[in-house]
Structures are given as C-alpha cells and as structure tokens.
2 protein chains.
Amino acid sequence: MKDKLKLSMPEQDLQPREKILLTALELFAEQGFERTTVRQIARKAEVNISAIAYYFGDKAGLYQAAFVEPLGSPKDDIELFNDPNISLEEALQGLFSGFTEPLKQDKLAMLCTRLHMREMVEPTGLWAQEIDNGIAPYHQALLVVLKKHLYLNKVDDDLHRLAMCIVAMGVHLFVGRDVIEKLCPKIIAGNSGLNQTHDRLVMFAKSMIEAEKNRRKQVNV
Amino acid sequence: MKDKLKLSMPEQDLQPREKILLTALELFAEQGFERTTVRQIARKAEVNISAIAYYFGDKAGLYQAAFVEPLGSPKDDIELFNDPNISLEEALQGLFSGFTEPLKQDKLAMLCTRLHMREMVEPTGLWAQEIDNGIAPYHQALLVVLKKHLYLNKVDDDLHRLAMCIVAMGVHLFVGRDVIEKLCPKIIAGNSGLNQTHDRLVMFAKSMIEAEKNRRKQVNV
DNA sequence: TGTAAATTCAAACAAACGTTTGAGTCAATA
DNA sequence: TATTGACTCAAACGTTTGTTTGAATTTACA
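Residues numbered from 1 in each chain as written. Chains lettered and ligands numbered in written order. Predicted model: local features only at pLDDT ≥ 70, side-chain atom pairs only at ≥ 80, totals over all residues. Heavy atoms only, no water.

This part covers the domain arrangement of chain A. Residues and elements named next belong to chain A. According to the domain assignment, chain A contains domain 1 (11–67) and domain 2 (71–219). Computed from C-alpha coordinates alone, the two centres of domain 1 and domain 2 are separated by 29 Å. Each partner contributes residues to the interface: domain 1 has 14 residues there, and domain 2 has 16 residues. Put simply, domain 1 and domain 2 have three salt bridges between them. Lys107 is the salt-bridge partner of Glu26, the closest N and O atoms lying 3.6 Å from each other. (Domains from an automatic or database assignment. Contact = heavy atoms within 4.5 Å. Salt bridge = Lys/Arg side-chain N within 4 Å of Asp/Glu carboxyl O.)

In structure tokens form, the structure reads like this:
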C-alpha cells in the first residue's frame, strides 16, 4: 500500500509523485480526460514528462490513481444510511452534505467529487467500476431509506424515480456549476450561501417524499 | 440561408452535407467533441475526409453547425412561459416535456438535447453563446412563472434555488442517462415509462413550490 | 568514500490528429 | 464538343499526442 496522500493543499514542497497526482486531479476534474495532456500536467506540476510514466505507467494509470487514491472508500458514508435508527431528516442531511461540503473549503474534496461526477457524463472506462462501487450502493442505500419511510415492502419504479430526482438536485450542483455561476453564483459561493442551499435541498427532498406518500395513499383507496 | 435540414432519420440517400451533419451530431452527442475525430465522422458518414473541410471549413465549424442547425430557435418554447394566463401545471408540463419528449421517439431531438446538455458540462466555446441564448432565457422565464405563483415582487436567491432544483430533475435525465440505464432503465425507456416519469417530475416540482411557499409563509409571521 | 539503486532529464519515437493539396470526376451549359 | 463550376478522392502535410530511451544526476547505504 502506498502512503496515504497528504491532504494539505498548498502544492509546494510535495514529493513529485504527489505533486503530479494533485495536479492531474485538478486538471482532469476541470477539463476532463481527453482535453488534458500529459505535457500540461508535467508543466504545471513542474516535473519532467517521463516522471508520469515512471510513477504511474501511463496517462490512464495516472487518471486511475487520481480517481481512486485521494479519497478513501465511500463506505463510511453509506453506513450512515444503514443505521436503522436514523431519521429521514438525518439521512437527507447526510446525503446532501456529500454534495455541499466539498464545495465549501476543501479544494481536494471538491475536485474529487467533480472528477467522479464528470465520469458520469464522460465515461473513460473506470465508469463501470465507479457505477458499481460508488454510485449503485449509494442509490441502493437511499432506496432503503425511502422504502422504509414510505412504508413499502418492495422497491418499484416510482421509488427509483423519487430517488433519482432527489439525487439529481445534488448532482446538479456540480454538473451545472458553470451555468449556476453565471446565473446565480451566490447559491454555491460562500459557506452561508451553501448552507442555505443545503437546507433547501433537504426541504425540497422532504416535500417530494411527502408528495409521493400522498400519491400512493390516493392510489390505494 | 441553407435549406432546412431534412428531419427524417433513416440516414441513407441523404445529401453528403446532411449525412455529415447528422453523423457528426450523433457522434458529438454520444462521445463529445474531443473524443470524436473527423476521420470517424467521415468513415461513418461514408464520405471522404476532405468533404468536411469542403462543407464546414473545419471540425469546429462542423460542431457549430451540428449544434445550431438541426433545431430551430427555442423561442417558441419560451413564449409558452410568457403567456400570463398559463397555469402553473401547464408551465411545468411544458418545461418537462422539453426533457421527456426528446427521449421518446425523435432521435434527432434527443441527440440535439444531449449535445446541448453536454455543452453544459464540457464547454467547447459555444458554451457562452448557449448559456446566453439557450439556458438563461429559459431560466428567466421559469423564474417569472415561479415568482408569480409565489406572489413575490422580486427574484431572490431562494427563488433561484427553487428554479435550479426543478430544472435539475430534467437535466438529470440526460446527464445521468448512463447511470439510470444501469440502475433503473425502465424510467426512461418506452413511452409509458417516460410519461409516468414526466408526471412525477411535475408532481415533485409542484410539491417543491408548495414547500417553498409554506417556508416563506412561516418566515413572514 | 564507493557502489547500487532511485530518480531526473533532454531528446527522440511512432501514431494519430486536423488540415491541405491537387488531380480527378461529374453534370450542366453554351 | 468544349468549358465551367461543383464536388470527390487518395495522398501527404505539419503538429500534437502519449510513450520510450539512455545517459546523467541524486540519493541511500555499506
């Protein structure tokens, strides 16, 4: 196992390997895999091109490392949902924190999230792995919480629709970032604005769940 | 002005220019600008490479043409919102139809929408133009409808948040397509499934608007 | 200090990219 | 038939891409 990556972001006095990794993470997250060249990474990281091959084999290996290494496994977050005593409010708080917290201060977390979101739209090949290990368990955990709070005994398509719409609001904070920054930047800029956005997401999610509950009540009469 | 592009999708017996344009639209929409090569387009369209330069100047010109030509201006859709007599229900129906209808049968409309959504995540340079001409007016029109139905006299950040969350659900049908197809494909496959998704989106949006209305009521006591 | 491994470096590599060339083909017109 | 303009084609262009090379340099350890 490699040493745990230093989480401090001042990108100076880092070991070459870490400097490359963080620079690559930033460029991949901002520009995507194709638009980012190894020369650009090497230049910005102030290392020789061949250092990339030396440490990571090739560009794809670097991408994979940037994708996997900086963040630990997301299982901790998922266990949050598995707690049977968790309230709906708490579950939603935790869910959306995964989207809003990275936008606050932690540049590393933000870049990691951005990269993972990008993989959703621009699959590079790690996608199949990511959807199985990262997204699907999350979706399943959310389904379990929703199923419980709607008093259902099986997951149906409409529950999938509800889960998808709830997650969509969080995803959009990253996917639609450029648009948001142009149209209403304040809602993702600064801690207070983000906290307020977080509260609204929770509120909206709760209202959607309530609406779905009512719809099912009406259908079952 | 060029002749209007034929909207029929059987890609045979088309003029070379149209064949290139439709093939490029498909590949750009599926793979993005960078991953799509002019050779790939030429091969799939069964034309010589240099035909692309002949008809469109260069790759960027072809992309621009594929981005702009197939769809007319979206002003018709926006005028839908400007009707002062429109109900909230109708406005939301119209809004989400813009996302669900292209997924039904119309392959051309679906590719166009996908390409425009992709531009949001992977800006190529047309982005600034698209956000000004395509997205911003839409967002503004939605804000007007929401403002009216919440009885507000000015647009504030929380109204932006509401609008963003509503739009996010529609956008996610395209941005998260691959994920959806893996986790719950039925909600975007087939007309009946899409119709049901459409109805849920409207219902969720209405519940979010209601929640926001109640929140403001509580704040103002 | 001496030796071997680890790391860095400038340079070159083949392949793929977008683009251009110039001869060639075809249909229409005079 | 001769000529023009629209269009097609195989081939080559110059760049940039990711990758590799092999010698230099630094580091670690006996």
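On inspection of all chains with the given rule, the structure shows 12 aromatic pairs over all chains. Pairing A:Tyr55 with A:Phe56 gives two aromatic rings, centres 6.5 Å apart and planes at 55 degrees, and the pair type is tilted. Assessed through its relative accessible area of 10%, A:Phe56 is described here as buried. With centroids separated by 5.0 Å and ring planes inclined at 75 degrees, the aromatic side chains of B:Phe28 and B:Tyr63 adopt a geometry described as edge-to-face. Of this pair, B:Phe28 sits in helix α1 (residues 16–31) while B:Tyr63 sits in helix α4 (residues 59–68); the two residues are 35 residues apart in sequence, bridging distant segments of the chain. (Phe/Tyr/Trp six-rings, centres within 6.5 Å; stacked < 30°, edge-to-face > 60°. Buried < 20%, exposed > 50% of the residue type's maximum accessible area, 1.4 Å probe, protein only. Helix = DSSP H or I, 4+ residues; strand = E, 2+ residues; numbered from the N terminus.)

Taken together, the contacts link 48 residues of chain A with 48 residues of chain B. Taking both partners together, chain A and chain B bury about 4700 Å²; carbon and sulfur atoms supply 69% of that area. Across the chain A-chain B interface, the total number found is eight salt bridges. Of the charged contacts in the structure, one is a salt bridge between A:Asp158 and B:Arg200, with a shortest N-O distance of 2.8 Å. One can count 15 residue pairs in polar contact (both at pLDDT 80 or more) joining chain A with chain B. Per-element tally for the side of chain A that touches chain B: the top contributor is helix α9 (residues 157–175) of chain A, with 13 residues. Among the residues making up the side of chain A that touches chain B, the classes are represented as 25 nonpolar, nine polar and 14 charged. (Buried area = accessible area lost by both parts, 1.4 Å probe. Polar contact = N/O pair within 3.5 Å; in protein donor to acceptor, adjacent residues only side chain to side chain. Nonpolar A, V, L, I, M, F, W, Y, C, P; charged D, E, K, R; others polar.)

The subject of this paragraph is the relation of the copies chain A and chain B. Of the transformation superimposing chain A on chain B, the axial component is 0.0 Å and the angular component is 180 degrees, with the fit at an RMSD of 0.0 Å. Read as a symmetry element, the transformation amounts to a two-fold axis. In this assembly the copies share their binding face: 100% of the residues contributing to the interface of chain A also contribute to that of chain B. (Least-squares fit on C-alpha atoms with pLDDT ≥ 70 in both.)

Our next topic: the pattern of salt bridges. Counted by the stated rule, this structure contains 36 salt bridges over all chains. B:Glu122 serves as the salt-bridge partner of B:Arg118, at 2.5 Å between the closest nitrogen and oxygen. The exposure classification of B:Arg118 matches that of B:Glu122, with both residues buried. In this structure, a network of salt bridges that share partners links the residues A:Asp156, A:Asp158, A:Arg161, A:Glu212, A:Arg215, A:Arg216 and B:Arg200.

As a further point, take helix α2 (residues 38–45) of chain B. All names here are of chain B. Looking only at α2, the buried set comprises Ile41, Ala42 and Ala45. What you see down the axis of α2 is that its buried residues fit within an arc of 95 degrees, all on one side. In α2, the exposed residues that point more than 90 degrees away from the buried face are Arg39 and Arg43. The elements touched by buried residues of α2 are α1, α3 (50–56) and α4. At the exit of α2 stands Glu46, carrying a positive phi of roughly 60 degrees. (Arc of directions from axis to C-beta.)

Residues and elements named next belong to chain A. Look at helix α6 (residues 88–104) against helix α8 (residues 127–149): their axes get within 11 Å of each other, and the N-to-C directions meet at 160 degrees. As summarised for this structure, α6 and α8 are arranged roughly antiparallel, according to the angle between their axes. At the point where α6 passes α8, the crossing takes the left-handed sense. Between α6 and α8, the residues in contact are Leu88, Ala91 and Leu95 and Tyr138, Leu142, Val145 and His149, respectively. (Axes fitted to C-alpha atoms, helices over the stretch in contact; angles between N-to-C directions. Parallel < 35°, antiparallel > 145°, perpendicular 65-115°, else oblique. Left-handed = near helix turned anticlockwise from the far one by under 90°.)

The next subject is the environment of A:Val47. Position of A:Val47 relative to the elements: it lies in the loop between α2 (38–45) and α3 (50–56). In the structure, A:Val47 is positioned 11 residues away from A:Thr36 in sequence and 16 Å away in space, judged by C-alpha atoms.

Close to DNA strand D lie 15 residues; A:Arg39, A:Asp58, A:Lys59, B:Ser50 and B:Tyr55 are nearest. At the protein interface, 50% of the atoms of DNA strand D within 4 Å belong to sugar or phosphate. Contact distances for DNA strand D include 2.8 Å between a base nitrogen and a side-chain N or O atom of A:Arg39. For DNA strand D, a phosphate oxygen lies 2.7 Å from a polar atom in the backbone of A:Lys59. (Near = heavy atom within 4 Å.)

On to helix α8 (residues 127–149) of chain B. Between its terminal C-alpha atoms α8(B) stretches 31 Å, which fits the 33 Å expected from 23 residues at 1.5 Å a residue. Downstream of α8(B) by a residue or two, B:Tyr151 has a phi angle that is positive, lying close to 60 degrees. (Expected span 1.5 Å × (residues − 1).)

Proteins that are soluble and globular tend to have nonpolar side chains buried together. Within the largest apolar cluster, 152 residues are counted, with the highest numbers of intra-cluster contacts made by A:Phe96, A:Ile166, B:Phe96 and B:Ile166. The contacts of B:Phe96, once residues within four sequence positions are left out, are B:Ile166, B:Met169, B:Gly170, B:His198, B:Leu201, B:Val202 and B:Ala205. (Core = buried A, V, L, I, M, F, W, Y, C linked by side-chain atoms within 4.5 Å.)

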